[in-house]
Amino acid sequence: MPTLFRLLAILAVAGAVVAAAMTALATLVTPTPREITTTIRLPADNKAPTGAGHAR
């Protein structure tokens, strides 16, 4: 039984460390907003969309 309590204590301490790290990251780190532009290129052989209801 003492090994079970030791395991639960170690898991509780590890969970507290993870929660403290997440809280510190959420409060101390400020993301910098920036604009993102992405170009999506379609293959030349796909002229019509394929999916439900479209027969090929």
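Residues numbered from 1 in each chain as written. Predicted model: local features only at pLDDT ≥ 70, side-chain atom pairs only at ≥ 80, totals over all residues. Heavy atoms only, no water.

Caption draft 1: Main features of the overall build of the chain. Counting secondary structure elements, the chain contains one helix and zero strands. Among the 56 residues that make up the chain, the fraction classed as buried is 0%. A total accessible area of about 5800 Å² is found for the chain, and carbon and sulfur atoms account for 67% of it. (Helix = DSSP H or I, 4+ residues; strand = E, 2+ residues; numbered from the N terminus. Buried < 20%, exposed > 50% of the residue type's maximum accessible area, 1.4 Å probe, protein only. Areas by Shrake-Rupley, 256 points an atom, 1.4 Å probe, with all protein chains shown as cover.)

Caption draft 2: Structural detail: a nonpolar patch on the surface. Taken together, the side chains of M1, L4, F5, L7, L8 and L11 make up a nonpolar region of the molecular surface, amounting to roughly 630 Å² of accessible area. The exposure class of F5 is exposed, given its relative accessible area of 52%. (Patch = residues over 30% accessible without salt bridge, like charges linked within 9 Å, V, L, I, M, F, W, Y side chains within 5 Å. Salt bridge = Lys/Arg side-chain N within 4 Å of Asp/Glu carboxyl O.)

Treat this as a map of the structure, not an account of what it does.
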